[in-house]
Amino acid sequence: MLLRAGTSFLRHFALFTAMMLLTGCASMGDLGIGNIGDLGISNLVDQLSDKDENKVDEKEIAALKAVPEIPLLWKHSLNKSKIAVFSPIYENGAVYAADAKGYLVRLDSANGKEVWQVETEHKLAGGVGAGYGTILIGTFNGEVLAFDEMGHERWKTRVTSEVLSQPQIDSDVVVVRSADGRIFGLDAADGSRKWVYQGPTPALTMRNSAGALVYRGAVFAGLAGGKLVAMSLLNGNVGWEAAVAQPRGVTELERMTDIAGLPVIDDQQVCAVAYHGRVGCFEIADGNQIWARDASSNAGLTMDSNNVYVSEDRGAVVAYDKRSGAMMWKQAKLGSRKLSAPLLVRGELLALGDAEGNVSLLRRHDGSLVARAATDGGAILSRPEYISDGFVVQTSNGGIYAFAVQ
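Rules and cut-offs
Residues numbered from 1 in each chain as written. Predicted model: local features only at pLDDT ≥ 70, side-chain atom pairs only at ≥ 80, totals over all residues. Heavy atoms only, no water. Helix = DSSP H or I, 4+ residues; strand = E, 2+ residues; numbered from the N terminus. Buried < 20%, exposed > 50% of the residue type's maximum accessible area, 1.4 Å probe, protein only. Areas by Shrake-Rupley, 256 points an atom, 1.4 Å probe, with all protein chains shown as cover. Pairing = 2+ DSSP bridges. Contact = heavy atoms within 4.5 Å. Polar contact = N/O pair within 3.5 Å; in protein donor to acceptor, adjacent residues only side chain to side chain. Salt bridge = Lys/Arg side-chain N within 4 Å of Asp/Glu carboxyl O. Core = buried A, V, L, I, M, F, W, Y, C linked by side-chain atoms within 4.5 Å. Disulfide = S-S within 2.5 Å. Phe/Tyr/Trp six-rings, centres within 6.5 Å; stacked < 30°, edge-to-face > 60°. Lys NZ or Arg CZ within 6 Å of the ring centre and 35° of its normal.

> How should I be thinking about the overall build of the protein chain in this particular structure?
A count of helical and extended segments in the protein chain gives five helices and 32 strands. Per-residue burial for the protein chain yields a buried fraction of 57% across its 406 residues. In the structure as shown, the protein chain presents an accessible area of about 17500 Å², 49% of it carried by carbon and sulfur atoms.

What follows is the structure, encoded as structure tokens:
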């Protein structure tokens, strides 16, 4: 009984702390709250309560150790990140990566050798984005930095708050999402502002590195409060909004239904998943709901021609039929309660990382574990990135690991 009472006290203390820290306009980066910002309020509460609920038993640990190892192609080291979540990106045969101390590097995707390194002299918070010969990163001070493929700075501009996600570029527009809920369309030539969209700002929101998806002249973004919005890439005009999830519960923490990951899309539908909410798919033209199922994710999802794959916030990967929403399978024995969003890789496989720095390969048709590899122990919080021979991940310890998929 004493243990239960202590756990209850910690849970309520966490709720109180969350409300005190996150109610208002200041971000965690502004407040200097490194530990809680890095962990995430939702995960803090999860860890303070019911700690033993999802313990991995010895048989499951043995099973994880027994699977084949994913072949390592190469590795590279950057600096650690306490708060910012970085993702490398593959573009024109190169891998670009950045770290919180301000370094941007270009690596040969075949062998991991460093082609060049730039010291930006900024505290970086988000990236890397790339396209059309432009490399993009964001800072804690709300700057967006653009470089060419040789590492020369092209332009620098400022938005209204820290840039935690990968900037996106399509044609002549750079799309940037800031931590205060705004989405900016910037001129790709000089960084000047073309348009801005102001999203909802609930009293309590997740600190996450989700950006916006650019697809065929439109921008799709999941917002705080469970909304999915589609807008014009040209001028930022909203085409439609849809509710992925509705806030439920008494406290602001219980009612937090942010969409923490990127939406996924094909020619007919766009899908998204909300924390403490649902996963749902909507018609791309008008936002009409096709199907929805209860789910919760602070990582994200992906989609192929058959299924939608969701990394749930309790450490499971779930596959839903993309046409009906029927659950096809669930893999809940990966040994971690915090997973990255999954990546589609060759051979009908899914690749994903976890908070302990492990990388797993799953079969798409049944979720079975095919292979696994360890990195440096740092959390892998961003989706793995495709390269021509496999995929690459970046850990919170600054490790960049490229793996082969045969």
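Picking up after the structure, the text goes on.
> It is not clear to me how the pairing of strand β6 (residues 124-131) should be interpreted in this structure. Could you clarify?
In the case of a regular strand, side chains alternate between the two sheet surfaces. Most of β6 sits out of view: eight of its eight residues are buried. Relative to strand β7 (residues 134-139), β6 runs antiparallel, the two sharing six bridges. Among the inter-strand pairings, G126 is bridged to a residue of β7, identified as G138. Taking the residues that link successive antiparallel strands as the turn, the β6-β7 hairpin has two residues, and the phi of Y132 there is positive, at about 55°.

> What exactly am I supposed to notice about the environment of T139 here?
Its location among the elements puts T139 in strand β7. Taking the relative accessible area as the measure of exposure, T139 reaches 1% and is therefore buried. Apart from the residues lying within four places of it in its own chain, the contact partners of T139 are H122, K123, L124, A125, L145, E162 and V163. Of note is the side chain of T139, whose polar atom sits 2.5 Å from the side chain of E143.

> Hey, could you run me through the pattern of salt bridges in this one?
Side-chain pairing between opposite charges can occur once the charged atoms of the two side chains come close. For the structure on display, the rule yields seven salt bridges. One connected set of salt bridges, linked through shared partners, spans D304, E348 and R364.

> Can you walk me through unusual backbone geometry in this structure?
Cis geometry marks the peptide bond from G127 to V128; its omega dihedral reads 15°. Tracing the sequence through the fold places V128 in strand β6. With a phi angle near 55°, S171 is a residue other than glycine that sits in the positive phi range. Structurally, S171 is set in the loop between β10 (168-170) and β11 (173-177). In this structure S171 comes out as partly exposed when scored by relative accessible area, which is 47%. One non-glycine residue with positive phi stands out, namely E348, at about 60°. Checked against the element boundaries, E348 lands in the loop between β26 (343-345) and β27 (349-353).

> It is not clear to me how the nonpolar core should be interpreted in this structure. Could you clarify?
Nonpolar side chains in soluble globular proteins tend to be buried together. With 20 residues, the main nonpolar core has Y96, A98, L104, V128, I135, I137 and F147 as its most contacted residues. Per-element accounting of this core gives the leading share, four residues, to β6. Leaving out residues up to four positions away in the same chain, L104 has contacts with A97, A98, W116, Q117, V118, T120, V128, I135, I137 and F147.

> Explain the state of the cysteines here, please?
Disulfide: a covalent bond connecting the sulfur atoms of a pair of cysteines. Under the definition given, this model contains one disulfide. Here C271 engages in a disulfide with C281; their sulfurs sit 2.0 Å apart. Here the disulfide of C271 and C281 is right-handed, its torsion about the S-S bond being about 105°. Of the two residues, C271 is situated in strand β19 (residues 269-273) and C281 in strand β20 (residues 277-283); the sequence distance between them amounts to 10 residues.

> Hey, could you run me through the packing of aromatic side chains in this one?
The way to describe two aromatic rings as a pair is by their centre distance and the angle between their planes. Tallied over the full model, the rule gives seven aromatic pairs. Where Y96 meets W116, the ring centres are 6.0 Å apart and the plane angle is 50°; that geometry is what we call tilted. Placement of Y96 in strand β3 (residues 94-98) and of W116 in strand β5 (residues 114-119) is noted, with a sequence separation of 20 residues between them. As far as the burial class goes, Y96 and W116 line up, both buried. An aromatic cluster is defined as three or more aromatic residues linked by ring pairs; in this entry it consists of F391, Y401 and F403. Over the face of the ring belonging to F140 we find K123, whose NZ or CZ atom lies 5.0 Å from the ring centre.

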